[in-house]
Amino acid sequence: MFHSLQRFRPATVLQRFTLYGHKVAAGFPSPADDYIEGRLSLDEHLIQHRNATFFVRAKGNSMIGAGIHDGDLLVVDKSLNPASGDIVIAVVDGDLTVKRLQKRGGIYSLKPENPLFEEMLFKEGQELQVWGVVTATIKKFI
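Asker: Where do I start with the environment of His45 in this structure?
Answerer: Relative to the assigned elements, His45 resides in helix H1 (residues 42-46). Among the residues examined, His45 registers a relative accessible area of 55% and is labelled exposed. Note: C-alpha distance between His45 and Ala136 (91 residues apart in sequence) is 10.0 Å.

Okay, structure coming up:
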């Protein structure tokens, strides 16, 4: 389930942040490493189709196996055609949910990434409405 559905509004000015060419195992780049790869715009990095992208905050723990936790901000692209294996935002019984889309033998299902939750099967004639494909997850640790 989700709450706080927010449409993406394109900013007029892109904010670019320093991108170091140095990879770190854990921590901040060494002060001795003054090699800067360039500038990074988070919206250019995370958003492929600006006009078809929206954000939604995850609620619950049905997708923890996919790294999606309660409170994570999901980047969703409505312009992508959902394929089996994609993590999607779908409407089930009037509620939004995030699950992995599966197709086996002509039968679609929405599969949670937590064994405590059951897979939702959609038989022929049942409607499965997919709102978009999740393309990124944004976490805040503080």
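Next, the rest of the story.
Asker: Help me understand the nonpolar core, please; the structure alone is not making it clear to me.
Answerer: Side chains that are nonpolar tend, in soluble globular proteins, to be buried together. Judged by nonpolar contacts, the single largest core of 13 residues is most densely connected at Ile68, Leu74, Val76, Ile89, Val98 and Val134. Where this core is concerned, the elements lending two or more residues are strand E4 (53-58), strand E5 (73-77), strand E6 (87-92) and strand E7 (95-104). Among all residues touching Val134, those that are not within four sequence positions of it are Leu74, Val75, Val76, Ile87, Val88, Ile89 and Val98. Within the second largest apolar cluster, seven residues are counted, among which are Val88, Val92, Phe122 and Val133.

Asker: In this structure, what is going on with the confidence of the model for the protein? I would like to understand it.
Answerer: Reading fine detail from the predicted coordinates is not recommended where pLDDT is low. When pLDDT is averaged along the protein, the result is 79, and 71% of the positions lie at 70 or above. For the stretch residues 1-12, pLDDT sits under 50, and the model shows 35 contacts to residues farther than four places along the chain or on other chains.

Asker: Explain the pattern of salt bridges to me, please; I cannot follow it from the model alone.
Answerer: Opposite charge on two side chains lets them pair, provided their charged atoms get close. All told, the structure shown has three salt bridges when counted by the stated rule. As a salt-bridge pair, Lys139 and Asp72 come within 2.5 Å of each other at their nearest N and O atoms. Taken as a pair, Lys139 in the segment after strand E10 (129-138) and Asp72 in the loop between E4 and E5 lie far apart in primary sequence, 67 residues in all. The partly exposed category is assigned to Lys139, whose relative accessible area is 33%. Looking at Asp72, the relative accessible area reads 7%, which means it is buried. A salt bridge links Arg104 to Glu119, with the shortest nitrogen-to-oxygen separation between them at 2.5 Å. Highlighted residues: Arg104 in strand E7 and Glu119 in the loop between strand E8 (107-111) and strand E9 (120-122), separated in sequence by 15 residues.

Calculation criteria
- Residues numbered from 1 in each chain as written.
- Predicted model: local features only at pLDDT ≥ 70, side-chain atom pairs only at ≥ 80, totals over all residues.
- Heavy atoms only, no water.
- Helix = DSSP H or I, 4+ residues; strand = E, 2+ residues; numbered from the N terminus.
- Buried < 20%, exposed > 50% of the residue type's maximum accessible area, 1.4 Å probe, protein only.
- Core = buried A, V, L, I, M, F, W, Y, C linked by side-chain atoms within 4.5 Å.
- Contact = heavy atoms within 4.5 Å.
- pLDDT = per-residue confidence, 0-100.
- Salt bridge = Lys/Arg side-chain N within 4 Å of Asp/Glu carboxyl O.

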